[in-house]
Amino acid sequence: MRPAGSRTAGQYLRQRLRGDRRTLIRVLVWTGVESLPAFAAGHAVALAVDRGFLAGAPLVGVGWLALLAAVSAVGAFGARGALLSTAAVVEPLRDALVTRTVEATLRHALTGGRMEQDRSGVARLTRQVEIVREAAGSLLAVVCRFAFSFVGVCVGTLTLEPTAALLVFAPVAVGVGCYLVSLRGVVRAEMRSTLATESLAHEAWRLAAGLRDITAYGLEESALLRFDDVAKENARAEIALARLTALRTLALGMGGWVPLVLVLLWARWGAQGMSAGTVLGVLTYLAQNLRPAVQTLVQGVGTTGIRLFVTLGRLLDDLGPRPDGAGPAPTPAVPASASSTRAGNGAAGVEVVLESVSFSYPGGANDILSGIDLRVASGEHLAVVGPSGIGKSTLASLVAGTHGPTRGRVLLDGVDLTSLTPARQGALRAYLPQEAYVFTGTLRENLGYLADGPADDRRMDRAVTEFGLADLVSTTGGYDGLVDPGALSAGQRQLIALARAYLSPARLIVLDEATCHMDPVTESRAEEAMRERPGTLVVIAHRMSSARTADRVMVLDGGAPRIGSHHRMLAESDLYRDLVGLWSAKSATP
């Protein structure tokens, strides 16, 4: 089946050409005039040789060649007319695509698109429009010239020597026909190659942009493995395309060289009474006109034509909805609630399930976590407590998906976390480690970094109020003021990161001591804001207030974890009581 993009491009081109038939007819007429030398060349050479030079009348031979030169001048005039007529067909196509590009971009901007994305989209789409304009004009010219050249050669050869015409027509029809039939597969391979190249470029950009976080969380190996998979897919696509394009050589051989060889063999052993001028005339048709026409057609259709259909198909997909059956490539199954786009903090929570999860670092002798079974209900607030080094941060990274379990599974709404792409994971959860990430840029950009679309001032005002960031907003000169991460305290950076997660569409928030640099009052206010935000909340507790206000507490003590309410853990866990006493003593210390 033909790729959806190429099918859409073909339909669009046919519609445009049918709408301007008069201009298309002018292209054909002028191309016919341009192709007159292709018809006259063989006859002129044959008559110049037979009736001129071999007959002892060199002036007659020169006269026929001069007539061919005059016909060539007429052909050059026709080439000028064909070029202008082709431009009259192509330029309206370009104008129509530019208009659609501008309309789509404005529509995207008016419905909440990011202006940065809109600007890059305009640059990308207008570049594609120029590719379509150039490729469409070139392909139209190539196809028309080949058609007239082929007809001229066949008619000229037929009038010179009927038998030779069959030797010309048959291999050309077979070679070109087989190549044209194979074009569907070539277009599919070209589309696959284009998408694979785009994926490779995107993955390289994503890795370059996230090097700091990849290094911080020790994800170098998994990042390299993912990039290796994308690179291998790109290589497979290029190899498949190269194999299919090898058909171009076969078509050139069949259509360009086989007729020449057959005519020479037939002139040597099969022709009876065929004059030298006739032989030279037929060879002129083949060498000077047919073979270059076949070569131009095969290369033009195989390169320019495929480029046209692939680029136009991608362009039309970007400018409007895909036709039926042309949806994006399938992705791992996710819950219906997780696949929809939600604004701000009105999303429901995610059910988190750990099934016999164990984790150990490569080369580690013992598991950091072993056989953990856990179910966090959608919308629940779970606090995780335990002594330092017991595996609390490791548990947070497993729930967030930054590490994969050595054994067992982590499920979000029943879907294995490892089967979700990074983009899907990012849409489901936000993970805040101890050291908050704040980049040089505007405060608006920092707060809206994880937002699903631009966060308006009203929502940002609410986040600023919830997390006590009014002084910082004033200091930076408003939301569009620049933020210097080095000038911020660790606590201010954590507040910005919390407000960023608060404004995100994530339905699961994982806080790994993300308030450890705040004073108790600020921490209490920040955690209260996160608790009131709809969604599931998993907190690696830094102070006792995090555990007291949680729906349930999970106590890690090196054995089987204990899970229950704050009061239940006070009654059942010696470690929890000790931690409560330790935290209470710290809080009471002036």
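Colleague: Which parts of the structure should I look at to understand the overall build of the protein chain?
Modeller: Secondary structure summary: the protein chain contains 21 helices and 12 strands in total. By residue count, 47% of the 590 residues in the protein chain fall in the buried class. Considering only intrachain contacts with a sequence separation of at least 6, the fraction spanning at least 24 residues in the protein chain is 77%. Carbon and sulfur atoms make up 60% of the accessible area of the protein chain, which amounts to about 28,700 Å² in all.

Colleague: Before we go on, may I ask you to explain unusual backbone geometry in this structure?
Modeller: Located in the positive-phi region is serine 356, a residue other than glycine, with phi close to 50 degrees. Its place among the elements puts serine 356 in strand 1 (residues 352–359). Located in the positive-phi region is aspartate 413, a residue other than glycine, with phi close to 50 degrees. Topologically, aspartate 413 is positioned in the loop between strand 4 (407–412) and strand 5 (415–416).

Colleague: Teacher, can you tell me more about the sheet that holds strand 9 (residues 508–512) here?
Modeller: Strand pairing in a sheet relies on backbone hydrogen bonds, with the paired strands running either antiparallel or parallel. Pairing is mixed in the open sheet, where 6 strands are placed in the order 6-9-10-3-11-12. Each edge of the open sheet is held by one strand with a lone partner, namely strand 6 (429–432) and strand 12 (562–564). Taking the axes of each pair of neighbouring strands and ignoring which way they run, one obtains an average angle of 15 degrees across the sheet. Bridge count for strand 3 (residues 381–385) against strand 10 (residues 536–540) is 4 bridges, and the pairing is parallel. Residue valine 384 lies in a different strand from strand 10, and its bridge partner there is isoleucine 540. Set on the sheet, helix 12 (residues 392–400) makes contact with strand 3, strand 6, strand 9, strand 10 and strand 11 (552–555); between it and strand 9 the angle comes to about 160 degrees. Strands strand 6 and strand 9 of the sheet are contacted by helix 17 (residues 490–503), whose axis makes an angle of about 175 degrees with strand 6.

Colleague: Could you clarify how one ought to interpret the side chain of arginine 429 in this entry?
Modeller: Locating arginine 429 in the fold gives a position in strand 6. Here arginine 429 is in contact with Ala400, Ala506 and Leu508, once residues within four sequence places are set aside.

Colleague: What am I meant to see in the packing of aromatic side chains here?
Modeller: By convention here, two paired aromatic rings are described through the distance between centres and the angle between planes. On inspection of all chains with the given rule, the structure shows 5 aromatic pairs. With centroids separated by 6.4 Å and ring planes inclined at 65 degrees, the aromatic side chains of tyrosine 437 and tyrosine 449 adopt a geometry described as edge-to-face. Of the two residues, tyrosine 437 is situated in the loop between strand 6 and strand 7 (441–442) and tyrosine 449 in the loop between helix 14 (443–447) and helix 15 (457–467); the sequence distance between them amounts to 12 residues. Since its relative accessible area comes to 46%, tyrosine 449 is described here as partly exposed. Considering the side-chain rings of phenylalanine 467 and tyrosine 502, the 5.4 Å spacing of their centres and the 80 degrees angle between planes classify their relative orientation as edge-to-face. Taken together, the residues span a long stretch of sequence, with phenylalanine 467 in helix 15 and tyrosine 502 in helix 17 at a distance of 35 residues. A relative accessible area of 2% places tyrosine 502 in the buried class. By the ring-pair criterion, three or more aromatic residues cluster together here, those being Tyr437, Phe439 and Tyr449.

Colleague: Sorry, what's going on with helix 2 (residues 21–34) here?
Modeller: Because each turn of an α-helix spans 3.6 residues, side chains separated by three or four positions in sequence point in the same direction. A rise of 1.5 Å per residue sets the reference length of helix 2, with its 14 residues, at 20 Å; its end C-alpha atoms lie 20 Å apart and thus fit the reference within 8%. Listed in full, the buried residues belonging to helix 2 are Thr23, Val27, Thr31, Gly32 and Glu34.

Colleague: Where do I start with the pairing of strand 6 in this structure?
Modeller: Look at any regular strand and the pattern is simple: side chains alternate between the two faces of the sheet. Side chains Arg429 and Tyr431 of strand 6 all project onto a buried face; the interleaved residues Ala430 and Leu432 project onto the opposite face, where all are buried too. Inspection of the sheet shows strand 6 paired to strand 9 by 4 bridges, in the parallel sense. Paired with tyrosine 431 across the strands is valine 510, a residue of strand 9.

Colleague: Where do I start with the environment of leucine 207 in this structure?
Modeller: Looking at the secondary structure, you find leucine 207 in helix 6 (residues 162–209). Classification of leucine 207 by relative accessible area gives buried; the value is 13%. For leucine 207 and phenylalanine 227, which are 20 residues apart along the polypeptide, the C-alpha to C-alpha distance reads 8.3 Å.

Colleague: In this structure, what is going on with the sheet that holds strand 1? I would like to understand it.
Modeller: If you walk across this open sheet you meet the 4 strands as 2-1-4-5, and the pairing is antiparallel. Each edge of the open sheet carries a strand with a single partner, namely strand 2 (369–376) and strand 5. Judged from the 5 bridges that link them, strand 1 and strand 4 form a sheet pairing that is antiparallel. The residue of strand 4 that forms the bridge with leucine 354 is valine 410. Contacts from helix 12 reach strand 1, strand 2 and strand 4 within the one sheet, and its direction differs from that of strand 1 by about 125 degrees.

Colleague: Could you clarify how one ought to interpret the pairing of strand 10 in this entry?
Modeller: Within strand 10, 5 of the 5 residues are buried, leaving the element largely enclosed by the surrounding structure. One ladder, built from 5 bridges, connects strand 9 with strand 10; its direction is parallel. Directly across from leucine 508, in strand 10, lies its bridge partner threonine 536.

Colleague: What am I meant to see in the packing of helix 17 against helix 18 (residues 520–532) here?
Modeller: For any two helices packed against each other, the geometry comes down to the angle between their axes and how far apart the axes lie. For the pair helix 17 and helix 18, the least separation of the axes is 10 Å and the interaxial angle reads 10 degrees. Overall, the two elements helix 17 and helix 18 adopt an arrangement that is roughly parallel. From helix 17, Leu495, Leu498, Ala501 and Tyr502 reach across to helix 18, where they touch Thr522, Ala526, Ala529 and Met530. Taken together, the residues that form the contact of helix 17 with helix 18 break down as 7 nonpolar, 1 polar and no charged.

Colleague: Help me understand the side chain of histidine 381 in this model?
Modeller: As for its position among the elements, histidine 381 is in strand 3. With sequence-adjacent residues up to four places away left out, histidine 381 is seen in contact with Arg531, Leu537, Val539, Ser546, Thr549, Ala550, Asp551 and Arg552.

Colleague: In this structure, what is going on with helix 3 (residues 36–53)? I would like to understand it.
Modeller: For helix 3, spanning 18 residues, the distance from its first C-alpha to its last is 24 Å, which sits close to the expected 26 Å at 1.5 Å a residue. Among the residues making up helix 3, those that are buried are Pro37, Ala38, Ala40, Ala41, Gly42, Ala44, Val45, Ala46, Leu47, Ala48, Val49 and Gly52.

Cut-offs applied
Residues numbered from 1 in each chain as written. Predicted model: local features only at pLDDT ≥ 70, side-chain atom pairs only at ≥ 80, totals over all residues. Heavy atoms only, no water. Helix = DSSP H or I, 4+ residues; strand = E, 2+ residues; numbered from the N terminus. Buried < 20%, exposed > 50% of the residue type's maximum accessible area, 1.4 Å probe, protein only. Contact = heavy atoms within 4.5 Å. Areas by Shrake-Rupley, 256 points an atom, 1.4 Å probe, with all protein chains shown as cover. Pairing = 2+ DSSP bridges. Axes fitted to C-alpha atoms, helices over the stretch in contact; angles between N-to-C directions. Phe/Tyr/Trp six-rings, centres within 6.5 Å; stacked < 30°, edge-to-face > 60°. Expected span 1.5 Å × (residues − 1). Parallel < 35°, antiparallel > 145°, perpendicular 65-115°, else oblique. Nonpolar A, V, L, I, M, F, W, Y, C, P; charged D, E, K, R; others polar.

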